[in-house]
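# Tertiary structure, described
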Amino acid sequence: MIGYDLINEDLNEIGEYLKADDYVSAYDMISELLSEHKDKFKEGDEIRYFNFDSPIQFYIYNMKLSPEKNFKQGGIDFRTLYMCKAHIEIFYENYKEAEESLKKALYWNPVDPNIFYELARVFIKTGELQKLLIVLKAVRSYILDKVSYSKYYAYMGEYYRLKEDYKTALSLYLLSKDIFEIPVSNEGITFILGKEDIKNPPVTEEIISTLKKDGLEYSLDMEVLGMIYDLSYELTKQLNNKSAMYCLDVLYELTGDEKYLREKEYLE
């Protein structure tokens, strides 16, 4: 993880407020911090600051989104501040405000899948299927762990649940559960099985066909997996074995291919 120079203690305090369900204190503190630091790390003519979590996110942003400006890590984690703000706004059902907060979080980290999934939650609540579809198409390229991979299928399941295509939704929830068990898929499965008697969920080929009609993809973004492998190779050449091994860990977690483990063992 990449550290931040400023307001770490404040973020910890906000986290404690959220754990205690003291949303009023947390929201007041977030608003005060955003107001106090609004002029720090502002975008200039040649440089823009971000809140990335890892070298992989830096690399994916550079390769996938082709930025025109130089970019650096900002010293304040505005991304987390806006995500915490949105969390509270979702709790109070202020969905438009939450959407705006999450868009501001995306400004600070355009490749963070957690922000996209929070936006998905908002659009599920508001029933805005087209916006949910846009989020699902975008997030696929930024999946770097099993939890995010599981959420990809779970939130596609939510999309088809809202479309009342319960067979496809159930299959996607089950795929999500096989990767990593999360509440979204468990709750979706319970909802559908309580509503429909589905004896023959669609097979993989049928799911792929249904997804394609909506412009969705069944599998991970192979281009991004290739980018992460290329990055591990470049880091190895630079003798940065620790970061290279992190890339190989990500690839193994997502694919289960043991060749990445063997390459990691060679670097250890």
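Figured I'd write up the structure that's included with this text. Predicted, not measured: the structure shown is a model, and the values here were computed from it.

Here is what the cut-offs are and how they apply
Residues numbered from 1 in each chain as written. Predicted model: local features only at pLDDT ≥ 70, side-chain atom pairs only at ≥ 80, totals over all residues. Heavy atoms only, no water. Helix = DSSP H or I, 4+ residues; strand = E, 2+ residues; numbered from the N terminus. Rg over C-alpha atoms; globule rule 2.2 N^0.38 Å. Buried < 20%, exposed > 50% of the residue type's maximum accessible area, 1.4 Å probe, protein only. Contact = heavy atoms within 4.5 Å. Areas by Shrake-Rupley, 256 points an atom, 1.4 Å probe, with all protein chains shown as cover. Lys, Arg positive; Asp, Glu negative; His and termini not counted. Charge placed at Lys NZ, Arg CZ, Asp CG, Glu CD. Core = buried A, V, L, I, M, F, W, Y, C linked by side-chain atoms within 4.5 Å. Pairing = 2+ DSSP bridges. Right-handed = clockwise from strand over helix to strand, strands pointing away. Axes fitted to C-alpha atoms, helices over the stretch in contact; angles between N-to-C directions. Parallel < 35°, antiparallel > 145°, perpendicular 65-115°, else oblique. Left-handed = near helix turned anticlockwise from the far one by under 90°. Nonpolar A, V, L, I, M, F, W, Y, C, P; charged D, E, K, R; others polar. Expected span 1.5 Å × (residues − 1). Phe/Tyr/Trp six-rings, centres within 6.5 Å; stacked < 30°, edge-to-face > 60°. Salt bridge = Lys/Arg side-chain N within 4 Å of Asp/Glu carboxyl O.

## Some details on the overall build of the protein chain
Across its full length, the protein chain carries 14 helices and two strands. Its C-alpha radius of gyration of 20 Å places the protein chain within 12% of the 18 Å reference for a compact globule of 268 residues. Along the longest, intermediate and shortest principal axes, the C-alpha atoms of the protein chain span 55 × 50 × 35 Å. Looking at the protein chain as a whole, 46% of its 268 residues qualify as buried. Pairs at least 24 residues apart make up 64% of the contacts formed inside the protein chain by residues separated by at least 6 positions. Accessible surface for the protein chain amounts to roughly 14200 Å². Of this, 48% is attributable to carbon and sulfur atoms. Across the protein chain, the 33 positively charged side chains and the 49 negatively charged ones have centroids separated by 4 Å.

## Some thoughts on the nonpolar core
Among the nonpolar cores identified, the biggest contains 84 residues, and Ile14, Ile56, Leu81, Met156, Leu211, Leu216 and Ile228 are the most heavily contacted of them. Discounting chain neighbours no more than four positions away, the residues touching Ile56 are Leu144, Ile228, Leu231, Tyr246, Cys247 and Val250.

## Observations concerning the pairing of strand β1 (residues 47–50)
Residues in a regular strand point their side chains to alternate faces of the sheet. Across the two faces of β1 the burial differs, with Arg48 and Phe50 buried and Ile47 and Tyr49 not buried at all. Relative to strand β2 (residues 70–73), β1 runs parallel, the two being bridged by four bridges. Bridge assignment links Arg48 to a residue of β2, and that residue is Phe71. For the crossover that starts at β1, traverses helix α3 (residues 55–65) and ends in the parallel β2, the hand is right-handed.

## What to know about the packing of helix α6 (residues 113–126) against helix α8 (residues 146–162)
Running from amino to carboxyl end, α6 crosses α8 at an angle of 15 degrees, the nearest separation of the two axes being 11 Å. Here α6 lies roughly parallel to α8, going by the angle between them. By crossing handedness, the relation of α6 to α8 is classed as left-handed. Taken together, the residues of α8 that come into contact with α6 (itself represented by Pro113, Asn114, Tyr117, Ala120, Arg121 and Ile124) are Ser148, Lys151, Tyr152, Tyr155, Glu158, Arg161 and Leu162. In terms of residue class, the contact of α6 with α8 is built from seven nonpolar, two polar and four charged.

## Topic: helix α9 (residues 166–179)
For α9, spanning 14 residues, the distance from its first C-alpha to its last is 20 Å, which sits close to the expected 20 Å at 1.5 Å a residue. For α9, the complete set of buried residues consists of Tyr166, Thr168, Ala169, Leu170, Ser171, Leu172, Tyr173 and Ser176. The inward-facing, buried residues of α9 abut α8, α10 (183–195) and α11 (204–213).

## Describing the packing of aromatic side chains
Under the counting rule described, the total for this entry stands at 22 aromatic pairs. A centroid spacing of 5.0 Å and a plane angle of 15 degrees characterise the contact between Phe50 and Phe52, whose relative ring orientation is stacked. The exposure classification of Phe50 matches that of Phe52, with both residues buried. Measuring from centroid to centroid gives 5.0 Å for Phe91 and Tyr92, while their planes differ by 85 degrees, and the two rings are edge-to-face.

## Some remarks on the pattern of salt bridges
If you walk through the whole model with that rule in mind, you get 21 salt bridges. Between Arg79 and Asp112 there is a salt bridge whose closest N-O contact spans 2.8 Å. In this pair, Arg79 is assigned in helix α4 (residues 78–91) and Asp112 in the loop between α5 (95–108) and α6, connecting sequence segments 33 residues apart. Considered together, Arg79 and Asp112 belong to a single accessibility category, that of buried residues. A salt bridge links Arg161 to Glu158, with the nearest nitrogen and oxygen atoms 3.1 Å apart. One end of the pair is Arg161 and the other is Glu158, both in helix α8 and three residues apart, which spans about a single turn. Residue Arg161 shares its accessibility class with Glu158, and that shared class is buried.

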